[in-house]
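# Residue-level structure breakdown
So you can see what is in the structure, the chains are spelled out below.
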Amino acid sequence: MKDLTDRNLIYTQALGFELKKRESKGFPWHIGTQSFGYQRAEDYGCTIWTPLVPIKSNGQRGGMAYVPKNAVSGEFMYDYIDPAVFNATSDRIKNSDDISLEEFVHLRDGPLNDPAMKKILDYYAVEDDFEVGDALIFDKHVIHRSVVLEEGSIDSRKAFVMRFVGSESKYDKKRAHDLEIPRKHFNYAGPTWLHLDVCKNDGDLIAESPIFSDDIETRLLK
């Protein structure tokens, strides 16, 4: 990964995703503001996405579509959209304005999935074939979405995901704690605790977090 990205990286997180035939649509167009929501917007982050079954784009599909950054970059979502959405949501909740979970989700994903933008992203979308052992590597500004698993011999498409951040990344406490605004209001459990536990103080170097220290196994056993 260091050779591929020409950067020093920290391995931060592993996640599993599954699409079931006839049941799961997966995620619409999005970027990883949840998974990279604890570092500064300008800090580097990237993902390895590895399907655990073969993916045939002209067959059963079920893979991932993505848009090359030289066509459309998702950087603006980190810089402007997500901060604006959380600030507006926080103000509305404090003022007792009625806001549903569905509306909040649309506020976050809507800018990439409303009709005009979706047509642009669909036009530039790339959908690759994968054999078992192949992987897709992309940075946090790459806009991507799930592809529906259609009829065929595979009942479920599982994928393994690894997240990395640049070793110079610093903790953005406000961005990290903003992720808790809808969770507390709508009382749902999030997929990860990393954004809250990785560091304590704004501007802390993420590489120096106890989570990534050499004695992590001993610390977790306590």
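Residues numbered from 1 in each chain as written. Predicted model: local features only at pLDDT ≥ 70, side-chain atom pairs only at ≥ 80, totals over all residues. Heavy atoms only, no water.

Summing up its helical and strand segments, the chain has eight helices and seven strands in all. In summary, the chain has a C-alpha radius of gyration of 18 Å against a globular reference of 17 Å for 222 residues, a match within 12%. Evaluated residue by residue, the chain yields a buried proportion of 41% over its 222 residues. Just so you have it, the chain exposes about 12,300 Å², and 52% of that area is on carbon and sulfur atoms. Distance between charge centres in the chain, computed from 29 positive and 37 negative side chains, equals 2 Å. (Helix = DSSP H or I, 4+ residues; strand = E, 2+ residues; numbered from the N terminus. Rg over C-alpha atoms; globule rule 2.2 N^0.38 Å. Buried < 20%, exposed > 50% of the residue type's maximum accessible area, 1.4 Å probe, protein only. Areas by Shrake-Rupley, 256 points an atom, 1.4 Å probe, with all protein chains shown as cover. Lys, Arg positive; Asp, Glu negative; His and termini not counted. Charge placed at Lys NZ, Arg CZ, Asp CG, Glu CD.)

We now examine the environment of Glu18. Its location among the elements puts Glu18 in strand S1 (residues 9-20). Overall, the relative accessible area of 37% leaves Glu18 in the partly exposed class. As a C-alpha pair, Glu18 and Lys158 span 140 residues in sequence and 4.3 Å in three-dimensional space. In contact with Glu18, other than residues within four places in its own chain, are Ser24, Ser156, Arg157 and Lys158. Within the structure, the side chain of Glu18 is placed 2.5 Å from the side chain of Ser156, a separation counted as a polar contact. A polar contact is formed between the side chain of Glu18 and the side chain of Lys158, at a distance of 3.4 Å. (Contact = heavy atoms within 4.5 Å. Polar contact = N/O pair within 3.5 Å; in protein donor to acceptor, adjacent residues only side chain to side chain.)

Okay, the packing of helix H3 (residues 101-113) against helix H4 (residues 115-124) next. Where H3 meets H4, the closest approach of the two axes is 6 Å, and the angle between their N-to-C directions is 55 degrees. On the basis of their axis angle, the class for H3 and H4 is oblique. The segment H3 lies against H4, with Pro111, Leu112 and Asn113 engaging Pro115, Met117, Lys118 and Leu121. (Axes fitted to C-alpha atoms, helices over the stretch in contact; angles between N-to-C directions. Parallel < 35°, antiparallel > 145°, perpendicular 65-115°, else oblique.)

What follows is about the environment of Gly32. Here Gly32 is to be found in the loop between S1 and strand S2 (45-51). Its relative accessible area of 12% is what places Gly32 among the buried residues. With 167 residues separating them along the chain, Gly32 and Cys199 place their C-alpha atoms 19 Å apart. Once residues within four sequence positions are removed from consideration, Gly32 is found in contact with Gly37, Tyr78, Lys140 and His144.

Within the structure shown, the criterion is met by five aromatic pairs. Both rings, one in Trp49 and one in Phe130, keep their centres 5.3 Å apart while their planes meet at 75 degrees; by these two values the pair is edge-to-face. You can see Trp49 sitting in strand S2 and its partner Phe130 sitting in the loop between strand S4 (126-127) and strand S5 (136-139), a full 81 residues away along the chain. On the basis of relative accessible area, Trp49 is assigned to the buried category, the value being 3%. Look at Phe86 and Phe104: their rings are 5.7 Å apart centre to centre, the planes differ by 55 degrees, and that puts the pair in the tilted class. (Phe/Tyr/Trp six-rings, centres within 6.5 Å; stacked < 30°, edge-to-face > 60°.)

Here we come to the pattern of salt bridges. One pass over the structure, following the stated rule, counts 15 salt bridges. One salt bridge connects Glu42 with Arg40, and the closest N-O pair in it is separated by 3.8 Å. Between Lys174 and Asp178 there is a salt bridge whose closest N-O contact spans 2.9 Å. On the criterion of helical spacing, the pair formed by Lys174 and Asp178 is a turn pair, its members being four residues apart in helix H5 (residues 173-178). When its relative accessible area of 11% is taken as the criterion, Asp178 is described as buried. (Salt bridge = Lys/Arg side-chain N within 4 Å of Asp/Glu carboxyl O.)

Looking at the chain as a whole, the pLDDT averages 89, with 94% of positions reaching at least 70. Mean pLDDT values for the elements of the chain range from 43 in helix H8 (residues 216-221) up to 98 in S4. pLDDT under 50 marks residues 216-222. Its contacts with residues more than four places away, or in other chains, come to three contacts. (pLDDT = per-residue confidence, 0-100.)

Among the secondary structure elements, Ser156 is positioned in strand S7 (residues 156-166). What Ser156 contacts, discounting residues up to four positions off in sequence, is Glu18, Leu19, Lys20, Val53 and Leu149.

With that out of the way, let us pick up the sheet that holds S4. Taken in spatial order, the three strands of this open sheet run S4-S3-S6, and their pairing is antiparallel. Sheet topology places S4 and strand S6 (144-146) at the edges, where each strand pairs with a single neighbour. The sheet contact formed by strand S3 (residues 64-66) and S4 spans two bridges and is antiparallel. Opposite Tyr66, over in S4, you have Val126 as the bridge partner. (Pairing = 2+ DSSP bridges.)

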